[in-house]
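Secondary and tertiary structure notes
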Amino acid sequence: MGGTASKLPKELLSEYQELTFLTKQEILLAHKRFSELQGRENGPYGSRVSMEKILTLPELKSNPFRKRICYVFSTCDLGDGSLSFEDFLDLLSAFSDSATLEIKSHYAFRIFDFDDDGTLDARDLEKLVNCLTGETDDTRLTAEEMRQLLNNILEESDIDKDGTVNLSEFQHVISRSPDFVSSFKIVL
Amino acid sequence: MMDEPDAVFWDRPAPVGNLLLDQLPSYQSLLYRRKSSTRRRGSGRSRQLSIRSGKWEEQTHSGEELRPVRELPKSMQDKRREKQQRLQQGGTVTGWGLWRLNVHRSLKRVKEDGVDLLSALQLWRTDIHLIEGMFGTGILSYFSFLRFLVLLNFIMFLLMFVFVMLPVILTSHTSHNITYSSTNVSECSVYPPTSHQSLVAFHEHITDLLSGTGFLERTYLFYGYYNLEFIHSHFTYNLPLAYLLATISYLLLSLVWIVKRSASGFKRKLIQDEDRFQSFCNKIFAGWDFCITNENAARLKRSSLLYEMKTDLEEERIKRRMANRTRSERCRIYALRAALNLFVMAVLVTCFYCIYVATVFSQRKQVEAEKSAFLQELVVEYLPSIVITLANFITPLIFSLIITFEDYSPAFEIRFTLMRCVFMRLASIGVLLFSLWVQITFCESQECLCGYNHKTYPCWETHVGQEMYKLVIFDFLIIVAVTVFVEFPRKIIVSHCDHGLVRWWGQQEFAVPQNVLEIVYGQTICWIGTFYCPLLPAINTVKYVLVFYIKKVSLVTNCRPATRPFRASSSHFFFLVVLLIGLALASVPVTVSIAEIQASRVCGPFVSYSTSWQVVPRGITQLPLGLRSFLLALASEAFAVSFFVITCLGMFYVIALAGAHKRVIEQLRDQLAMEGRDKRFLIQKLYQAQQATYGRSADAKGLRRNRAHAGLCLVEPSVVLETQA
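Values in this document were obtained by computation on a predicted structure and should not be read as measured data.

1. A word on the overall build of chain A
Broken down by element type, chain A carries eleven helices and zero strands. Ordered by position in the sequence, the α and β elements of chain A form the string α-α-α-α-α-α-α-α-α-α-α. The proportion of buried residues among the 188 residues of chain A is 61%. Look at the contacts in chain A between residues 6 or more apart in sequence, and 54% of them connect residues 24 or more apart. Mean positive and mean negative side-chain charge positions of chain A (21 and 34 charges, respectively) differ by 8 Å.

2. Observations regarding a nonpolar patch on the surface
All names here are of chain B. On the surface, Leu245, Ile248, Leu252, Leu255, Val259 and Trp613 cluster together to form a nonpolar patch covering roughly 500 Å² of accessible area. Take Val259: it is sitting in helix H10 (residues 239–271). Exposure remark for Val259: the relative accessible area of 40% places this residue in the partly exposed category.

3. Digging into the sheet that holds strand E1 (residues 177–180) of chain B
Two modes of strand pairing occur in sheets, parallel and antiparallel, and in both the strands are linked by backbone hydrogen bonds. All names here are of chain B. Sheet architecture is open: three strands sit in the order E1-E2-E3, paired in antiparallel fashion. Looking at which strands have only one partner, the edges of the open sheet turn out to be E1 and strand E3 (236–238). On average, each strand axis in the sheet is inclined to that of its neighbour by 20°, with strand direction left out of account. Sheet analysis places strand E2 (residues 228–232) next to E3, joined by three bridges and oriented antiparallel. Within E3, the position partnered with His232 by the bridge is Thr236.

4. Comments concerning the interface of chain A and chain B
Where interface size is given, it is often the accessible area lost as the parts come together that is meant. Listed as interface residues are 82 residues of chain A and, on the opposing side, 70 residues of chain B. When residues of chain A are sorted by the area they lose upon contact with chain B, Leu19, Glu156 and Arg176 of chain A head the list and together hold 11% of the total. Our enumeration of links across chain A and chain B arrives at five salt bridges. Put simply, Lys83 of chain B and Glu18 of chain A hold a salt bridge, and the shortest N to O gap is 3.9 Å. Counting across the chain A and chain B interface gives 19 residue pairs in polar contact (both at pLDDT 80 or more). Split by residue class, the side of chain A that touches chain B holds 34 nonpolar, 23 polar and 25 charged.

5. Section: the packing of helix H9 (residues 143–157) of chain A against helix H12 (residues 295–323) of chain B
H12 of chain B packs onto H9 of chain A with a crossing angle of 80° between their chain directions and a minimal axis gap of 11 Å. By the angle between their directions, the pair H9 of chain A and H12 of chain B is classed as roughly perpendicular. Along its contact with H9 of chain A, which presents Glu145, Gln148, Leu149 and Asn152 of chain A, the element H12 of chain B presents Met309, Lys310, Leu313, Glu316, Arg317 and Arg320 of chain B. Looking at side-chain class alone, the contact of H9 of chain A with H12 of chain B contains three nonpolar, two polar and five charged residues.

6. What to know about unusual backbone geometry
Its identity as a non-glycine residue notwithstanding, Asp116 of chain A has a phi of 55°, on the positive side. Position of Asp116 of chain A relative to the elements: it lies in the loop between helix H7 (101–112) and helix H8 (122–133).

7. Details of the environment of Thr136 of chain A
All names here are of chain A. The topology assignment puts Thr136 in the loop between H8 and H9. For Thr136, a relative accessible area of 44% corresponds to the partly exposed category. As a C-alpha pair, Thr136 and Ile103 span 33 residues in sequence and 32 Å in three-dimensional space.

8. With respect to the domain arrangement of chain A
All names here are of chain A. If you check the domain split of chain A, you get domain 1 (10–94) and domain 2 (101–183). Taken together, the eight residues of domain 1 in the interface contact twelve residues of domain 2. Summed over both sides, the interface of domain 1 with domain 2 buries roughly 940 Å², with 73% coming from carbon and sulfur. On the domain 1 side of the interface with domain 2, the three residues burying the most area are Phe65, Arg68 and Val72, jointly 59% of the side's total. Where domain 1 meets domain 2, there are one salt bridge. One salt bridge in this structure joins Arg68 and Asp116, with 3.5 Å as the shortest N-O distance. At the junction of domain 1 and domain 2, the tally comes to five residue pairs in polar contact (both at pLDDT 80 or more). The greatest single-element share of the side of domain 1 that touches domain 2, amounting to four residues, is contributed by helix H5 (residues 66–73). Among the residues making up the side of domain 1 that touches domain 2, the classes are represented as seven nonpolar, no polar and one charged.

Definitions and limits used
Note that residues are indexed from 1 along each chain, following the sequence as it is written. All chains are assigned letters beginning with A, and all ligands numbers beginning with 1, in the order in which they are written. Thresholds applied to this predicted model are a pLDDT of at least 70 for local features of residues and 80 or more for the giving and counting of side-chain atom pairs; totals over whole chains, interfaces and linings are not thresholded and use all residues. Derived side-chain values reflect all non-hydrogen atoms in the structure, with water molecules and hydrogen atoms excluded from consideration. Helix and strand assignments come from DSSP, with helices taken as H or I runs of at least 4 residues and strands as E runs of at least 2, each series counted from the N terminus. Exposed residues in this analysis have more than 50% of their type's maximum accessible area, buried residues have under 20%, and partly exposed residues fall in between, with area computed by a 1.4 Å probe over protein chains only. The criterion used for residue contact is that any of the two residues' heavy atoms lie within 4.5 Å. In this tally, Asp and Glu contribute negative charge and Lys and Arg positive charge; neither His nor the terminal groups of the chain are included. Lys charges are placed at NZ, Arg charges at CZ, Asp charges at CG and Glu charges at CD. Surface patches are defined over residues having more than 30% relative accessible area and no salt bridge, joining like charges when they lie within 9 Å and nonpolar side chains (Val, Leu, Ile, Met, Phe, Trp, Tyr) when within 5 Å. We get accessible surface area from the Shrake-Rupley algorithm with a probe of 1.4 Å; when it comes to residues, only the shown protein chains can shield them. What makes a salt bridge here is a side-chain nitrogen of Lys or Arg within 4 Å of a carboxyl oxygen of Asp or Glu, nothing more. Note: two strands are recorded as paired if DSSP finds a minimum of 2 bridges between them. Lines fitted to C-alpha atoms define the axes, with helix axes restricted to the stretch in contact, and inter-axis angles between N-to-C directions lie between 0 and 180 degrees. Take the accessible area each of two parts loses on contact, using a 1.4 Å probe, and add the two losses: that sum is the buried area. We call two N or O atoms a polar contact when they sit within 3.5 Å, provided that within protein one can donate a hydrogen and the other can accept it, with sequence-adjacent residues counted only if both atoms are side-chain atoms. Gly is placed with the polar residues, together with every amino acid not listed as nonpolar (Ala, Val, Leu, Ile, Met, Phe, Trp, Tyr, Cys and Pro) or charged (Asp, Glu, Lys and Arg). Any angle between 65 and 115 degrees counts as roughly perpendicular, while under 35 counts as roughly parallel, over 145 as roughly antiparallel, and the rest as oblique. By convention here, the domain bounds are inherited from an automatic or database domain assignment.

Here is the structure:
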């Protein structure tokens, strides 16, 4: 998909318009940027772009969740985070302005679930907070503050009190969070 | 949170206890639809026994049939497959149905293209996108608010232009039958010309330009120029009525537009019932602005998030401490707060008195005929504006100093200081207008001959328009002056000088609340002044466009992101609330002057009416009988009372409904928590029962099986039945 062709066929374009939340302009722009990333690379995966190259995009470069985003949207069997053009479109669609709250919260949950076990437990939440505040030692919360913070988060979001946040609890919390839709957005 | 059923989690080694949970249907529905063969087999829960996700996919399909394909959280290939499946299931659509489907699809595409085009036409789209990438959504909200105000002002200008100015402009270029407004009372119709007849010095032109006097006074700029009453062509155009209705409609239009914009934020504020605004979850899950593209900005965002979290946690600790206060401490605090509030009120009263005195002085000096030096004249003209600006500069400093003694929680401190500043800003305009009103309606002798002070203010509406015009100009000059003479030098000093004091002063932070107050202040003046100065919205539009570019340049070159970020959501709502307060404040003087004060007898369209409002009843008497009686019925008491009663009933119903929903939500929440505990309790019992069975059977067979594998065979229903027996 996308390979070395410089123009996107019309039926594919309309199919993508139907299957994603992107407009025609946005799909064409995505195609252009993706082709630039591919350059002359024609590795063993054919039309996939490796994760390192994807991470050179300015929209993802400074994002603390960039690796998780690549892993979540990648449909590669090897699980190495490489994206095909359709994966890339899925990524942009989920992060676009017109994506529904449900889609965004679903993908946000998967991005925040660092150990891929289907729930956000205390370890995932701790990793999430550390991602947000910074990787070095002096930019982290103290252990006491971290414990207080995790307690507060679980108290607010864990409805069935099992110590973890599952998808429906997460979606419930997100639906009442007014900042989420405006901040979970990437526009090329 | 730890009780008996939870013991199954904390006592046993994790993989064993959770194997049962892995097999629950609710857990299965969370499994990702990846190829299960490639999943990692490392630590954590083992997946070998999880029932293939394919089986559960079918279950979830049936619930998702109604949603469009693009809303499914799957990869592109899966979505394509889903689409094919639906097409096959739907069967072939024949003739009419197919045509309808195609029409529907092409209409949707046209609509999407239309929305695309509209959003591409949005003003300043690239600039705002750049700011968003560099500074995040908090500061972005200020600029999109500014853009909204530019549009609002432009629409207001169009309204006044089309209905008031265009007819007058047309009549001066074409020949129509015009009835000029006139009055019988000759005493009041003396309007001495204020334009200079002889050669004028250049600086007098400047003074005139800056204060709206002289050559600007009798132009389209001010109310006094529009002294037409009727324009007769194919129909009779009633200019005074149009003027009044245009004024009312721009106020109503602003109200409707602002309320519509704030409705979404307000709805969210209504639903959430926790007074902590779910702040922690909101900050963690929605904390990162994915639109940030700048490495520097990302680093700063991280540090601001860290700071925010630390302050929130500290605030929670403070709140807990405050809740544990003793009674004597509480009395002391309340007494201190009362004293400080009295002090704040004294400060406010002093400021208001200063504004009043300055206005009175300035008015007296303007009326005197003698000319003084250029600068002195300018200062006298602008004295009220200068005093207001000084007061609005000093009082926030005083307020932020006082609030530290009042011992509130940090978030409440910020909000309360802000409220006080808002009150100060908007009330100072009110005081200015009040002092003007006093000057206009009180004459030397007891009775005012013409209903207003016609000797000093032959055309008082133009005069009020001039004062508003001066306020707008001065506000703009202050913004430019502060940017050029304070912000740029500060940046230069901070980046070149390494003195300790300079480093403590630091780089400029873009303080969103203060900037928003500034533009709301300007907008309030515009709303008040448009009735007296119809071109004011145009001036305001140009002013805000210039302010946008000035602020943008200053932001990009001089500022660093605030360490205390202003949350995008709450700020959006806060801006619109402050704007609504400004609108409410602005409509009071306009209403009072339309309904109460005698319109000037020598200039303007309302000369032959007692008050400006009189034009409406007179216009109604000229309407056809049916329409007239309808309008009179609308204004009668019977209608008003019944309308009020019906509105009250509607409100009570909606409040009761909201209360009922809240109760149901609480009940469902409790039920959900209880179900979770039931589930864990049952799992624990099941586990214990099976442990007992295996213990017994292992003993019987004399084999020591590994406890870890015991859990693997738990699924068989027959085993469960056996243990129950």
